[in-house]
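Summary of structural features
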Amino acid sequence: MENGSFSAAGLRRLRDVLTGHVESGKIPGLVALVSRGDETHVEALGTMRHDGGAPMSRDTIFRMASTSKPVTIAAAMVLLDECRLRLDDVVDPWLPELANRQVLKRIDSPLDETVPARRPITVRDVLTSTFGLGMDMTALGTPILNAIFERGLTPNLPVEVPEQDEWMRRLGELPLMHQPGEHWQYQISSDLVGVLVSRVTGQSFEDFLRERIFEPLGMKDTGFHVPADQLDRLPDLYAPDPASGEFLIWDEAKGGRWSTPPAFQGGGGGLVSTADDYHAYFRMLLNGGTHQGRRILSRPAVELMTTNRLSPEQNAARTALAVNNVHISFGQGQQGGWGYGMAVRTYRGDYAPIGQYGWDGGAGTSAYADPANQLTGILLTQVGYSVPNPAHLMNDFWTTLYQAIDA
(Lines give C-alpha, C1' and ligand atoms only; values in the text may rest on other atoms or scores of the structure.)
Protein backbone atom coordinates (compact mmCIF):
# COMPACT_ATOMS: atom_id res chain seq x y z
CA MET A 1 0.00 0.00 0.00
CA GLU A 2 1.23 3.46 -0.93
CA ASN A 3 0.70 6.20 1.62
CA GLY A 4 2.35 9.01 -0.27
CA SER A 5 0.76 12.17 -1.56
CA PHE A 6 0.53 14.17 -4.77
CA SER A 7 3.30 16.40 -6.06
CA ALA A 8 2.56 20.12 -6.08
CA ALA A 9 3.72 20.32 -9.70
CA GLY A 10 1.44 17.41 -10.62
CA LEU A 11 -1.60 19.07 -9.06
CA ARG A 12 -0.81 22.34 -10.86
CA ARG A 13 -0.63 20.47 -14.14
CA LEU A 14 -3.92 18.71 -13.38
CA ARG A 15 -5.56 22.07 -12.82
CA ASP A 16 -4.05 23.41 -16.04
CA VAL A 17 -5.35 20.44 -18.06
CA LEU A 18 -8.85 20.74 -16.58
CA THR A 19 -8.83 24.51 -17.12
CA GLY A 20 -7.93 23.97 -20.76
CA HIS A 21 -11.06 21.88 -21.29
CA VAL A 22 -13.24 24.56 -19.71
CA GLU A 23 -11.56 27.40 -21.63
CA SER A 24 -12.10 25.47 -24.87
CA GLY A 25 -15.82 26.23 -24.55
CA LYS A 26 -16.70 22.54 -24.86
CA ILE A 27 -17.07 21.94 -21.09
CA PRO A 28 -18.95 24.74 -19.27
CA GLY A 29 -17.79 23.70 -15.83
CA LEU A 30 -16.60 20.83 -13.68
CA VAL A 31 -15.80 19.68 -10.18
CA ALA A 32 -12.86 17.33 -9.66
CA LEU A 33 -11.89 15.70 -6.37
CA VAL A 34 -8.76 13.61 -5.94
CA SER A 35 -7.51 12.00 -2.74
CA ARG A 36 -4.63 9.82 -1.67
CA GLY A 37 -4.17 8.71 1.87
CA ASP A 38 -5.11 11.67 4.05
CA GLU A 39 -4.69 14.28 1.31
CA THR A 40 -7.71 15.59 -0.63
CA HIS A 41 -7.59 18.17 -3.42
CA VAL A 42 -10.63 19.75 -5.13
CA GLU A 43 -10.96 21.87 -8.27
CA ALA A 44 -14.22 23.66 -9.11
CA LEU A 45 -13.87 25.36 -12.50
CA GLY A 46 -16.17 27.12 -14.93
CA THR A 47 -19.86 27.85 -14.63
CA MET A 48 -23.18 26.08 -14.14
CA ARG A 49 -24.40 27.11 -17.59
CA HIS A 50 -22.67 27.08 -20.96
CA ASP A 51 -23.42 30.81 -21.34
CA GLY A 52 -22.20 31.83 -17.91
CA GLY A 53 -24.24 32.01 -14.74
CA ALA A 54 -23.19 30.92 -11.28
CA PRO A 55 -19.72 29.41 -10.86
CA MET A 56 -19.27 25.72 -10.23
CA SER A 57 -18.63 25.00 -6.55
CA ARG A 58 -17.49 22.09 -4.47
CA ASP A 59 -21.08 21.37 -3.38
CA THR A 60 -22.66 21.51 -6.87
CA ILE A 61 -25.07 18.60 -7.31
CA PHE A 62 -24.73 16.44 -10.44
CA ARG A 63 -26.80 13.77 -12.14
CA MET A 64 -24.61 10.72 -11.63
CA ALA A 65 -26.16 8.69 -14.47
CA SER A 66 -24.46 5.28 -14.71
CA THR A 67 -21.99 6.29 -12.02
CA SER A 68 -24.96 5.46 -9.77
CA LYS A 69 -24.27 1.75 -10.30
CA PRO A 70 -21.20 1.37 -8.03
CA VAL A 71 -23.08 3.07 -5.17
CA THR A 72 -26.55 1.55 -5.37
CA ILE A 73 -25.16 -2.01 -5.46
CA ALA A 74 -24.09 -1.54 -1.83
CA ALA A 75 -27.70 -2.03 -0.72
CA ALA A 76 -27.65 -5.59 -2.03
CA MET A 77 -24.30 -6.21 -0.34
CA VAL A 78 -25.82 -5.23 3.03
CA LEU A 79 -28.48 -7.91 2.49
CA LEU A 80 -25.82 -10.49 1.60
CA ASP A 81 -23.88 -9.58 4.75
CA GLU A 82 -27.03 -10.06 6.85
CA CYS A 83 -27.94 -13.39 5.14
CA ARG A 84 -31.24 -11.90 3.98
CA LEU A 85 -30.06 -12.79 0.48
CA ARG A 86 -27.73 -15.54 -0.70
CA LEU A 87 -25.85 -15.41 -3.98
CA ASP A 88 -27.38 -18.62 -5.28
CA ASP A 89 -30.93 -17.98 -4.09
CA VAL A 90 -33.49 -18.21 -6.88
CA VAL A 91 -35.14 -14.77 -7.20
CA ASP A 92 -38.65 -16.11 -7.83
CA PRO A 93 -39.97 -15.53 -4.27
CA TRP A 94 -39.28 -11.79 -4.55
CA LEU A 95 -39.46 -11.33 -8.32
CA PRO A 96 -42.21 -13.78 -9.38
CA GLU A 97 -42.55 -11.92 -12.68
CA LEU A 98 -39.22 -13.52 -13.69
CA ALA A 99 -40.21 -17.13 -12.93
CA ASN A 100 -40.43 -19.73 -15.71
CA ARG A 101 -38.53 -17.70 -18.28
CA GLN A 102 -38.46 -18.24 -22.01
CA VAL A 103 -35.26 -17.40 -23.93
CA LEU A 104 -34.93 -16.18 -27.52
CA LYS A 105 -33.54 -18.75 -29.94
CA ARG A 106 -31.34 -16.00 -31.43
CA ILE A 107 -30.72 -12.41 -30.41
CA ASP A 108 -32.65 -11.21 -33.49
CA SER A 109 -35.51 -13.72 -33.18
CA PRO A 110 -39.16 -12.63 -33.11
CA LEU A 111 -40.33 -12.46 -29.50
CA ASP A 112 -42.31 -15.69 -29.82
CA GLU A 113 -39.39 -17.80 -31.13
CA THR A 114 -38.11 -19.07 -27.78
CA VAL A 115 -36.93 -22.05 -25.81
CA PRO A 116 -37.40 -22.62 -22.06
CA ALA A 117 -34.71 -21.25 -19.76
CA ARG A 118 -32.39 -24.03 -18.62
CA ARG A 119 -32.60 -22.88 -15.01
CA PRO A 120 -34.13 -20.12 -12.86
CA ILE A 121 -32.53 -16.71 -12.37
CA THR A 122 -30.42 -16.35 -9.21
CA VAL A 123 -29.30 -13.41 -7.10
CA ARG A 124 -25.79 -13.97 -8.45
CA ASP A 125 -27.09 -13.54 -12.01
CA VAL A 126 -28.68 -10.22 -11.10
CA LEU A 127 -25.64 -8.87 -9.25
CA THR A 128 -23.23 -9.81 -12.05
CA SER A 129 -25.52 -8.38 -14.77
CA THR A 130 -25.91 -11.83 -16.34
CA PHE A 131 -29.59 -12.59 -15.67
CA GLY A 132 -30.40 -12.55 -19.40
CA LEU A 133 -31.73 -9.10 -20.35
CA GLY A 134 -29.97 -5.82 -20.87
CA MET A 135 -28.98 -2.95 -23.09
CA ASP A 136 -27.01 -4.70 -25.85
CA MET A 137 -25.97 -1.83 -28.12
CA THR A 138 -24.70 -4.36 -30.66
CA ALA A 139 -28.33 -5.52 -31.11
CA LEU A 140 -30.04 -2.20 -31.81
CA GLY A 141 -33.05 -2.63 -34.10
CA THR A 142 -33.81 -6.20 -33.03
CA PRO A 143 -37.35 -7.04 -31.87
CA ILE A 144 -36.24 -7.52 -28.25
CA LEU A 145 -34.42 -4.15 -28.03
CA ASN A 146 -37.38 -2.43 -29.68
CA ALA A 147 -39.70 -4.02 -27.12
CA ILE A 148 -37.49 -2.87 -24.20
CA PHE A 149 -37.63 0.70 -25.50
CA GLU A 150 -41.36 0.60 -26.25
CA ARG A 151 -42.14 -0.54 -22.71
CA GLY A 152 -40.19 2.32 -21.11
CA LEU A 153 -37.87 -0.07 -19.27
CA THR A 154 -34.78 2.12 -19.57
CA PRO A 155 -34.09 5.73 -18.57
CA ASN A 156 -33.61 8.72 -20.90
CA LEU A 157 -36.54 7.82 -23.12
CA PRO A 158 -39.27 10.39 -23.88
CA VAL A 159 -41.58 8.55 -21.47
CA GLU A 160 -40.89 8.25 -17.75
CA VAL A 161 -39.99 4.84 -16.34
CA PRO A 162 -43.07 3.45 -14.51
CA GLU A 163 -43.21 2.59 -10.79
CA GLN A 164 -41.47 -0.62 -9.84
CA ASP A 165 -44.40 -3.07 -9.83
CA GLU A 166 -45.52 -1.93 -13.28
CA TRP A 167 -41.89 -1.96 -14.43
CA MET A 168 -41.62 -5.58 -13.29
CA ARG A 169 -44.90 -6.50 -14.98
CA ARG A 170 -43.63 -5.11 -18.29
CA LEU A 171 -40.23 -6.77 -17.82
CA GLY A 172 -41.97 -10.09 -17.15
CA GLU A 173 -43.75 -9.90 -20.51
CA LEU A 174 -40.46 -10.26 -22.37
CA PRO A 175 -38.35 -13.32 -23.10
CA LEU A 176 -34.72 -13.30 -22.06
CA MET A 177 -32.08 -12.49 -24.65
CA HIS A 178 -29.68 -15.12 -23.27
CA GLN A 179 -29.82 -18.05 -20.88
CA PRO A 180 -29.40 -17.02 -17.22
CA GLY A 181 -25.74 -16.68 -16.27
CA GLU A 182 -24.35 -16.78 -19.82
CA HIS A 183 -23.72 -13.18 -20.90
CA TRP A 184 -22.99 -9.87 -19.20
CA GLN A 185 -25.49 -7.22 -20.29
CA TYR A 186 -25.77 -3.58 -19.36
CA GLN A 187 -28.18 -1.51 -17.27
CA ILE A 188 -31.36 -3.51 -16.60
CA SER A 189 -29.73 -5.67 -13.92
CA SER A 190 -28.73 -2.55 -11.99
CA ASP A 191 -32.33 -1.33 -11.98
CA LEU A 192 -33.52 -4.82 -11.06
CA VAL A 193 -31.24 -4.79 -8.00
CA GLY A 194 -33.24 -1.87 -6.64
CA VAL A 195 -36.54 -3.72 -7.01
CA LEU A 196 -35.05 -6.81 -5.39
CA VAL A 197 -33.78 -4.81 -2.41
CA SER A 198 -37.13 -3.07 -2.03
CA ARG A 199 -39.09 -6.30 -2.04
CA VAL A 200 -36.75 -8.13 0.31
CA THR A 201 -36.77 -5.29 2.85
CA GLY A 202 -40.32 -4.01 2.45
CA GLN A 203 -38.88 -0.48 2.12
CA SER A 204 -38.44 1.78 -0.86
CA PHE A 205 -35.03 1.38 -2.44
CA GLU A 206 -34.14 4.96 -1.54
CA ASP A 207 -35.21 4.58 2.09
CA PHE A 208 -33.02 1.51 2.50
CA LEU A 209 -30.05 3.19 0.80
CA ARG A 210 -30.49 6.27 2.96
CA GLU A 211 -30.72 4.27 6.18
CA ARG A 212 -27.85 1.85 5.56
CA ILE A 213 -25.47 3.69 3.19
CA PHE A 214 -26.10 7.41 2.72
CA GLU A 215 -26.71 8.55 6.31
CA PRO A 216 -23.91 6.45 7.88
CA LEU A 217 -21.50 7.89 5.31
CA GLY A 218 -22.76 11.46 5.66
CA MET A 219 -23.93 11.51 2.01
CA LYS A 220 -26.46 14.25 2.71
CA ASP A 221 -26.85 15.39 -0.90
CA THR A 222 -27.30 11.95 -2.50
CA GLY A 223 -30.70 10.66 -3.57
CA PHE A 224 -33.06 10.19 -6.48
CA HIS A 225 -34.14 13.84 -6.77
CA VAL A 226 -33.07 17.32 -5.68
CA PRO A 227 -35.31 19.10 -3.15
CA ALA A 228 -36.90 22.32 -4.41
CA ASP A 229 -34.85 24.49 -2.05
CA GLN A 230 -31.60 23.00 -3.42
CA LEU A 231 -32.32 23.16 -7.17
CA ASP A 232 -30.06 26.18 -7.60
CA ARG A 233 -27.15 23.80 -6.92
CA LEU A 234 -28.10 21.56 -9.90
CA PRO A 235 -26.90 22.70 -13.35
CA ASP A 236 -28.88 22.10 -16.50
CA LEU A 237 -27.66 18.97 -18.30
CA TYR A 238 -26.53 19.40 -21.90
CA ALA A 239 -26.47 17.05 -24.87
CA PRO A 240 -24.63 19.11 -27.49
CA ASP A 241 -25.54 18.66 -31.14
CA PRO A 242 -22.91 16.27 -32.57
CA ALA A 243 -22.76 18.15 -35.85
CA SER A 244 -22.82 21.79 -34.76
CA GLY A 245 -21.72 21.56 -31.13
CA GLU A 246 -24.70 23.70 -30.11
CA PHE A 247 -25.49 23.26 -26.41
CA LEU A 248 -28.93 21.63 -26.35
CA ILE A 249 -30.53 21.11 -22.95
CA TRP A 250 -31.09 17.42 -22.18
CA ASP A 251 -32.62 18.04 -18.74
CA GLU A 252 -33.40 21.33 -17.04
CA ALA A 253 -32.75 21.80 -13.36
CA LYS A 254 -36.08 23.48 -12.60
CA GLY A 255 -38.99 21.37 -13.80
CA GLY A 256 -36.69 18.61 -15.04
CA ARG A 257 -36.64 14.91 -14.21
CA TRP A 258 -34.68 15.31 -11.00
CA SER A 259 -36.80 18.17 -9.62
CA THR A 260 -39.44 15.81 -8.17
CA PRO A 261 -39.31 12.28 -6.71
CA PRO A 262 -39.36 9.75 -9.57
CA ALA A 263 -41.91 6.99 -9.98
CA PHE A 264 -39.03 4.52 -10.33
CA GLN A 265 -35.90 4.68 -8.16
CA GLY A 266 -33.38 3.46 -10.71
CA GLY A 267 -30.20 1.92 -9.36
CA GLY A 268 -28.73 1.97 -12.86
CA GLY A 269 -28.64 5.72 -13.31
CA GLY A 270 -31.00 7.60 -11.04
CA LEU A 271 -28.82 9.21 -8.38
CA VAL A 272 -27.84 12.82 -7.90
CA SER A 273 -24.84 13.53 -5.71
CA THR A 274 -21.74 15.64 -5.02
CA ALA A 275 -18.01 15.07 -5.21
CA ASP A 276 -17.68 14.90 -1.43
CA ASP A 277 -20.53 12.41 -1.03
CA TYR A 278 -19.01 10.09 -3.62
CA HIS A 279 -15.60 10.52 -2.04
CA ALA A 280 -16.98 9.25 1.28
CA TYR A 281 -18.39 6.17 -0.46
CA PHE A 282 -15.27 5.24 -2.42
CA ARG A 283 -13.01 5.86 0.57
CA MET A 284 -15.21 3.47 2.53
CA LEU A 285 -14.55 0.83 -0.13
CA LEU A 286 -10.80 1.51 0.01
CA ASN A 287 -10.99 1.16 3.80
CA GLY A 288 -12.40 -2.35 3.48
CA GLY A 289 -15.98 -1.35 4.31
CA THR A 290 -15.46 1.05 7.23
CA HIS A 291 -15.99 4.81 7.53
CA GLN A 292 -14.71 6.80 10.50
CA GLY A 293 -14.58 3.64 12.58
CA ARG A 294 -18.08 2.49 11.63
CA ARG A 295 -18.52 -0.66 9.56
CA ILE A 296 -20.83 -0.19 6.56
CA LEU A 297 -20.00 -3.39 4.63
CA SER A 298 -17.91 -6.43 5.48
CA ARG A 299 -14.47 -6.68 3.94
CA PRO A 300 -15.46 -9.81 1.95
CA ALA A 301 -18.48 -7.94 0.55
CA VAL A 302 -16.23 -5.13 -0.66
CA GLU A 303 -13.83 -7.65 -2.18
CA LEU A 304 -16.70 -9.35 -4.03
CA MET A 305 -17.89 -6.02 -5.44
CA THR A 306 -14.49 -4.79 -6.51
CA THR A 307 -12.87 -7.84 -8.12
CA ASN A 308 -13.76 -9.39 -11.46
CA ARG A 309 -16.74 -11.74 -11.23
CA LEU A 310 -17.00 -12.72 -14.89
CA SER A 311 -15.57 -15.61 -16.86
CA PRO A 312 -14.14 -14.82 -20.32
CA GLU A 313 -17.28 -16.32 -21.85
CA GLN A 314 -19.62 -14.15 -19.77
CA ASN A 315 -17.49 -11.10 -20.47
CA ALA A 316 -17.26 -11.57 -24.26
CA ALA A 317 -20.23 -9.31 -25.01
CA ARG A 318 -18.86 -6.55 -22.80
CA THR A 319 -15.46 -6.77 -24.46
CA ALA A 320 -17.07 -6.57 -27.90
CA LEU A 321 -19.07 -3.51 -26.88
CA ALA A 322 -16.02 -1.68 -25.51
CA VAL A 323 -13.63 -2.57 -28.33
CA ASN A 324 -15.86 -2.62 -31.40
CA ASN A 325 -18.41 0.10 -30.59
CA VAL A 326 -16.22 2.99 -29.53
CA HIS A 327 -18.45 5.30 -31.58
CA ILE A 328 -20.98 4.85 -28.78
CA SER A 329 -18.72 5.40 -25.79
CA PHE A 330 -15.69 7.10 -27.39
CA GLY A 331 -13.39 4.41 -26.04
CA GLN A 332 -14.72 4.25 -22.49
CA GLY A 333 -15.37 0.91 -20.80
CA GLN A 334 -12.22 -0.99 -21.78
CA GLN A 335 -11.16 -1.95 -18.26
CA GLY A 336 -11.52 -5.70 -18.84
CA GLY A 337 -13.49 -7.05 -15.87
CA TRP A 338 -16.73 -6.38 -14.04
CA GLY A 339 -17.48 -6.90 -10.35
CA TYR A 340 -20.85 -6.03 -8.86
CA GLY A 341 -22.14 -2.74 -10.22
CA MET A 342 -18.76 -1.53 -11.45
CA ALA A 343 -15.88 -2.12 -13.80
CA VAL A 344 -12.65 -3.66 -12.53
CA ARG A 345 -9.35 -3.30 -14.38
CA THR A 346 -7.91 -6.70 -15.16
CA TYR A 347 -5.17 -5.58 -17.55
CA ARG A 348 -2.98 -2.49 -17.93
CA GLY A 349 -4.63 -0.76 -20.88
CA ASP A 350 -3.85 2.84 -19.95
CA TYR A 351 -2.33 4.83 -17.06
CA ALA A 352 -4.51 3.17 -14.40
CA PRO A 353 -3.20 -0.03 -12.79
CA ILE A 354 -4.81 -3.43 -12.50
CA GLY A 355 -7.30 -3.46 -9.64
CA GLN A 356 -8.75 0.03 -10.10
CA TYR A 357 -12.57 -0.05 -9.86
CA GLY A 358 -15.48 2.29 -10.52
CA TRP A 359 -17.49 3.50 -13.50
CA ASP A 360 -18.43 6.42 -15.74
CA GLY A 361 -21.79 8.02 -16.46
CA GLY A 362 -23.33 9.23 -19.70
CA ALA A 363 -24.11 12.61 -18.12
CA GLY A 364 -20.39 13.40 -17.82
CA THR A 365 -19.39 11.73 -14.54
CA SER A 366 -16.49 9.48 -13.55
CA ALA A 367 -15.58 7.90 -10.19
CA TYR A 368 -12.90 5.30 -9.47
CA ALA A 369 -10.79 4.07 -6.59
CA ASP A 370 -7.36 2.47 -6.86
CA PRO A 371 -6.31 0.20 -3.97
CA ALA A 372 -2.67 -0.08 -5.08
CA ASN A 373 -2.16 3.68 -4.74
CA GLN A 374 -4.90 4.32 -2.13
CA LEU A 375 -6.22 6.85 -4.62
CA THR A 376 -9.72 8.13 -5.37
CA GLY A 377 -10.67 10.30 -8.33
CA ILE A 378 -14.06 11.87 -9.00
CA LEU A 379 -14.78 14.08 -12.01
CA LEU A 380 -18.21 15.64 -12.50
CA THR A 381 -19.58 17.83 -15.28
CA GLN A 382 -22.90 18.55 -17.00
CA VAL A 383 -22.18 17.51 -20.60
CA GLY A 384 -23.60 14.24 -21.91
CA TYR A 385 -22.04 11.74 -24.28
CA SER A 386 -23.74 13.02 -27.42
CA VAL A 387 -20.24 14.34 -28.23
CA PRO A 388 -16.78 13.00 -27.32
CA ASN A 389 -15.76 16.03 -25.24
CA PRO A 390 -16.65 14.67 -21.78
CA ALA A 391 -14.86 11.41 -22.57
CA HIS A 392 -11.78 13.31 -23.68
CA LEU A 393 -11.94 15.32 -20.46
CA MET A 394 -12.14 12.13 -18.39
CA ASN A 395 -9.23 10.56 -20.22
CA ASP A 396 -7.04 13.61 -19.69
CA PHE A 397 -8.10 13.83 -16.03
CA TRP A 398 -6.99 10.27 -15.29
CA THR A 399 -3.85 10.49 -17.41
CA THR A 400 -2.76 13.63 -15.59
CA LEU A 401 -3.83 12.48 -12.14
CA TYR A 402 -1.65 9.38 -12.29
CA GLN A 403 1.34 11.53 -13.18
CA ALA A 404 0.71 13.61 -10.03
CA ILE A 405 1.41 10.69 -7.72
CA ASP A 406 4.51 11.41 -5.67
CA ALA A 407 5.13 8.00 -4.11
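A quick note: this is a predicted structure, and the numbers were derived from the prediction, not measured. (Residues numbered from 1 in each chain as written. Predicted model: local features only at pLDDT ≥ 70, side-chain atom pairs only at ≥ 80, totals over all residues. Heavy atoms only, no water.)

To continue, consider unusual backbone geometry. One non-glycine residue with positive phi stands out, namely S129, at about 60°. What makes S129 buried here is its relative accessible area of 4%. Positive phi outside glycine occurs at Q292, with the angle close to 50°. When you line up the elements, Q292 lands in the loop between β11 (290-291) and β12 (294-295). (Buried < 20%, exposed > 50% of the residue type's maximum accessible area, 1.4 Å probe, protein only. Helix = DSSP H or I, 4+ residues; strand = E, 2+ residues; numbered from the N terminus.)

Right, let's get into the nonpolar core. Core analysis: the biggest nonpolar cluster contains 116 residues, and W167, Y281, L285 and L297 have the highest contact counts within it. If we skip the residues at most four places from it in the chain, Y281 touches P70, V71, I73, A74, I213, L217, M219 and M305. (Core = buried A, V, L, I, M, F, W, Y, C linked by side-chain atoms within 4.5 Å. Contact = heavy atoms within 4.5 Å.)

Now for the pattern of salt bridges. Scanning all chains against the criterion turns up 24 salt bridges. The partner of D108 in a salt bridge is R106, with the nearest N and O atoms 3.0 Å apart. Overall, the relative accessible area of 42% leaves D108 in the partly exposed class. Taking relative accessible area as the criterion, R106 reaches 45% and is therefore assigned partly exposed. Of the charged contacts in the structure, one is a salt bridge between E166 and R169, with a shortest N-O distance of 2.8 Å. (Salt bridge = Lys/Arg side-chain N within 4 Å of Asp/Glu carboxyl O.)

Among the 5 residues that make up strand β15 (residues 357-361), 5 are buried, leaving the element largely enclosed by the rest of the structure. Side chains Y357, W359 and G361 of β15 all project onto a buried face; the interleaved residues G358 and D360 project onto the opposite face, where all are buried too. In terms of strand pairing, strand β14 (residues 343-345) meets β15 through 2 bridges, oriented antiparallel. Looking at the pairing, A343 lines up with G358 of β15. Sheet topology places β15 next to strand β16 (residues 365-370); 5 bridges connect them, and they run antiparallel. Residue pairing across strands places G358 opposite Y368, the latter belonging to β16. With antiparallel pairing between neighbouring strands as the criterion, β15 and β16 make up a hairpin whose turn holds 3 residues, including G364 at a positive phi of roughly 95°. (Pairing = 2+ DSSP bridges.)

Consecutive residues of a regular strand have side chains that alternate between opposite faces of the sheet. Within strand β17 (residues 375-381), 7 of the 7 residues are buried, which leaves it mostly tucked inside the rest of the structure. By the alternation rule, side chains of β17 split into L375, G377, L379 and T381 and T376, I378 and L380, which are all buried. Examined bridge by bridge, strand β2 (residues 29-36) and β17 share 7 bridges and lie antiparallel to one another. Along β17, the bridge assignment pairs V31 with L380.

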